[in-house]
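Single-letter residue listing:
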Amino acid sequence: MQKNSRFTNPLLPVPTDPLKISSSTDREDSSIKLSLIIPTFNEKRNIKAIVEKLTYLLNPTLSNRYELIIVDDNSPDRTWEIAQSILPDYPQLRVMRRQEERGLSTAVIRGWQVARGEVLGVIDADLQHPPETLLKLWTQIERGADLAVASRHVEKGGVSDWSIIRRFLSRGAQVLGLVILPGVVGRVSDPMSGYFLVRRNAILDKVMNPAGYKILIEVLGRGNIRWIGEVGYVFQERQEGESKVTRKQYIEYIQHLLRLRFARWSVAHFMRFGIVGFSGIFVDLALFYMLRTLLGLGLTRSTIFSSEIAIIHNFLWNDLWTFRAIAGTQQGWQKRFKRGLKFNFVCLAGLILNVLIVNGLFNFLGMNEYIAKLIAIAIVTPWNFWINLKLKWRVTEVD
């Protein structure tokens, strides 16, 4: 167990096993209802204030049935030491100092691994998450929610003094999430939120594999979440310290989305679908060139015709190869024709998006029309695969 010579209060040991949450019955005290993780890095100017506020709010509601767990990533400003020094004043407080690992998401999970509560949660230490909202989240849990999320995008929610660029990046990240992972990101209004509570049994024994700092997406993607409650909150500007939002975190967010996307797909099917889609790119671009350059058709008509032929090409190869096992249970040209119509209908949304992207990039951003076409194809392909996999590549149920 980690100790510091200046204090008699021990630090929590850092788990080294896989990032998986065990049952609360394995813990020494199963009477704890709520375990709230406060991940920190260089937060010595905020740590006393956040602990004091949370204690003041939670004592009347949960008395001694909650715990606050600070997980510090070995801060150069020795945040963990400040937190350790106030342990005698706050019996519900526990402190962990991580010296080998880094990252907000893994800090939260390591905190949950040593937590004793039936409900697990996370809140920022910088007071940008109003502590008062915690009681509203707890009310949602008491009403039966598996997950209670503090959202900036519902009634009474918002941001304080964000710039236009920051608002655009936040919304853009959410839209990107909806494109890559609609069945996960679309379940909540604010998937970028880092302020929420979740029942332990909803993520029990789920191996987590987060990237970056948005742990909520991991919980939604891997947990058994049925009922979600959302409450509005206004994201506050930081009072002390410096913001930790960087370009790297946006890149990690995209990596996280893709990691979850591939985890939820059949890799073999996706690889085949990707190969077929790659061949379809050449069909699409060759026809686009012929119609646009050789025959002189307009941009929109060339895009529609070339995309439709590529859709037919992709359907035939996917039916014969990618989803052969499923298609084999419904043989005959009539059923194949119906599957083709369904595939074409599914891809219609992708076709419309394809046209909009090509025209937007070419007419408004002045991008080369062939590059615009490639970008459109790259965006539309994951959508087409996901929805067809979701629909099981069938016309009717097999008798």
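Below is a summary of the structure that appears in this document.

Calculation rules
Residues numbered from 1 in each chain as written. Predicted model: local features only at pLDDT ≥ 70, side-chain atom pairs only at ≥ 80, totals over all residues. Heavy atoms only, no water. Helix = DSSP H or I, 4+ residues; strand = E, 2+ residues; numbered from the N terminus. Buried < 20%, exposed > 50% of the residue type's maximum accessible area, 1.4 Å probe, protein only. Contact = heavy atoms within 4.5 Å. Pairing = 2+ DSSP bridges. Axes fitted to C-alpha atoms, helices over the stretch in contact; angles between N-to-C directions. Left-handed = near helix turned anticlockwise from the far one by under 90°. Nonpolar A, V, L, I, M, F, W, Y, C, P; charged D, E, K, R; others polar. Patch = residues over 30% accessible without salt bridge, like charges linked within 9 Å, V, L, I, M, F, W, Y side chains within 5 Å. Areas by Shrake-Rupley, 256 points an atom, 1.4 Å probe, with all protein chains shown as cover. Salt bridge = Lys/Arg side-chain N within 4 Å of Asp/Glu carboxyl O. Phe/Tyr/Trp six-rings, centres within 6.5 Å; stacked < 30°, edge-to-face > 60°. Lys NZ or Arg CZ within 6 Å of the ring centre and 35° of its normal. Core = buried A, V, L, I, M, F, W, Y, C linked by side-chain atoms within 4.5 Å.

1. Section: the overall build of the protein chain
Across its full length, the protein chain holds 13 helices and nine strands. Put simply, the protein chain has 399 residues, and 49% of those count as buried. Across the protein chain, every contact between residues at least 6 apart in sequence was considered, and the portion connecting residues at least 24 apart equals 80%.

2. Re the sheet that holds strand β8 (residues 228–232)
Across the sheet, which stays open at both edges, the seven strands sit in the order β3-β2-β1-β4-β7-β5-β8 with mixed pairing between neighbours. Here the strands that pair on one side only, and so sit at the sheet edges, are β3 (93–97) and β8. Taken over all neighbouring pairs, the strand axes of this sheet differ in orientation by 20 degrees on average, direction set aside. Pairing analysis gives three bridges linking strand β5 (residues 147–151) to strand β7 (residues 196–199), with the strands arranged antiparallel. Bridged to V149 within β7 is F196. Each of β1 (34–40), β2 (66–72) and β3 touches helix α1 (residues 47–62); the most contacted strand, β2, lies at about 160 degrees to it. Against the sheet, helix α7 (residues 215–222) contacts β5, β7 and β8, and its axis sits at roughly 25 degrees relative to β7.

3. Considerations on the packing of helix α10 (residues 299–322) against helix α12 (residues 333–364)
For the pair α10 and α12, the least separation of the axes is 9 Å and the interaxial angle reads 145 degrees. Pair α10 / α12 crosses with right-handed handedness. Judged by residue contacts, L299, T300, T303, I304, S307, E308, I311, N314, F315, N318, D319 and L320 of α10 engage R336, R339, G340, F343, N344, C347, L351, N354, V355, V358, N359 and F362 from α12. Grouping the amino acids of the contact of α10 with α12 by side-chain chemistry returns 11 nonpolar, nine polar and four charged.

4. Things to note about a nonpolar patch on the surface
Judged by side-chain polarity, Y289, M290, L294 and L295 come together as a nonpolar surface patch covering roughly 410 Å² of accessible area. Within the fold, L295 resides in the loop between α9 (267–294) and α10.

5. Here we look at the packing of aromatic side chains
Inspection of the entire model under this criterion finds five aromatic pairs. Relative to Y233, the ring of Y195 has its centre 5.8 Å away and its plane inclined at 85 degrees; by these criteria the two rings are edge-to-face. Of this pair, Y195 sits in the loop between α6 (182–185) and β7 while Y233 is found in the loop between β8 and β9 (234–235), placing the two residues 38 residues apart along the sequence. A relative accessible area of 0% places Y195 in the buried class. Linked through ring pairs, Y195, Y233 and F235 together constitute an aromatic cluster. For the cation-ring pair, R152 lies above F235, with the distance from its terminal atom to the ring centre recorded as 5.9 Å.

6. Concerning α7
Across the eight residues of α7, seven count as buried, placing the element largely inside the fold. I215, L216, I217, E218, V219, L220 and G221 are the residues of α7 that are buried.

7. Quick notes on the environment of I123
Its place among the elements puts I123 in the loop between β4 (119–122) and α4 (133–142). Each C-alpha atom of the pair I123 and Y195 lies 5.0 Å from the other, and the pair is 72 residues apart in sequence. Apart from the residues within four sequence positions on either side, I123 is in contact with L36, I37, I38, P39, I50, L54, H129, P131, G194 and Y195.

8. Focus: the side chain of D146
On the secondary structure map, D146 appears in the loop between α4 and β5. Of the residues examined, D146 reaches a relative accessible area of 4% and is grouped as buried. Non-local contacts of D146, meaning those with residues more than four positions away in its chain, are made with I141, L197, V198, R199, I225, R226 and W227.

9. A look at unusual backbone geometry
Unusually for a residue other than glycine, N42 sits at a positive phi of about 55 degrees. As for its position among the elements, N42 is in the loop between β1 and α1. Phi is positive for S63, close to 50 degrees, though the residue is something other than glycine. Following the sequence through the fold, S63 ends up in the loop between α1 and β2. Under the relative-accessibility criterion, S63 is labelled partly exposed at 43%.

10. As for the nonpolar core
The nonpolar side chains of soluble globular proteins are, as a tendency, buried together. Core analysis: the largest hydrophobic core is formed by 38 residues, its most contacted members being W112, L147, F196, V198, I203 and V219. For this core, the secondary-structure elements that each account for two or more residues are β2, α3 (104–114), β4, β5, α6, β7, α7 and α8 (247–264). Those residues within four positions of L147 in sequence are excluded, and the remaining contacts are F196, L197, V198, L216, L220, I225, W227, I228 and G229. Ranked by size, the runner-up nonpolar core spans 35 residues in total, among them I38, I50, I123 and Y233.

11. Focus: the pairing of β5
Buried residues dominate β5, accounting for five of its five residues. The alternating pattern of β5 places L147, V149 and S151 and A148 and A150 on opposite faces, both of which are buried. The pairing of β5 with β8 spans five bridges and is classified as parallel. Looking across to β8, one finds that V149 is bridged to E230.

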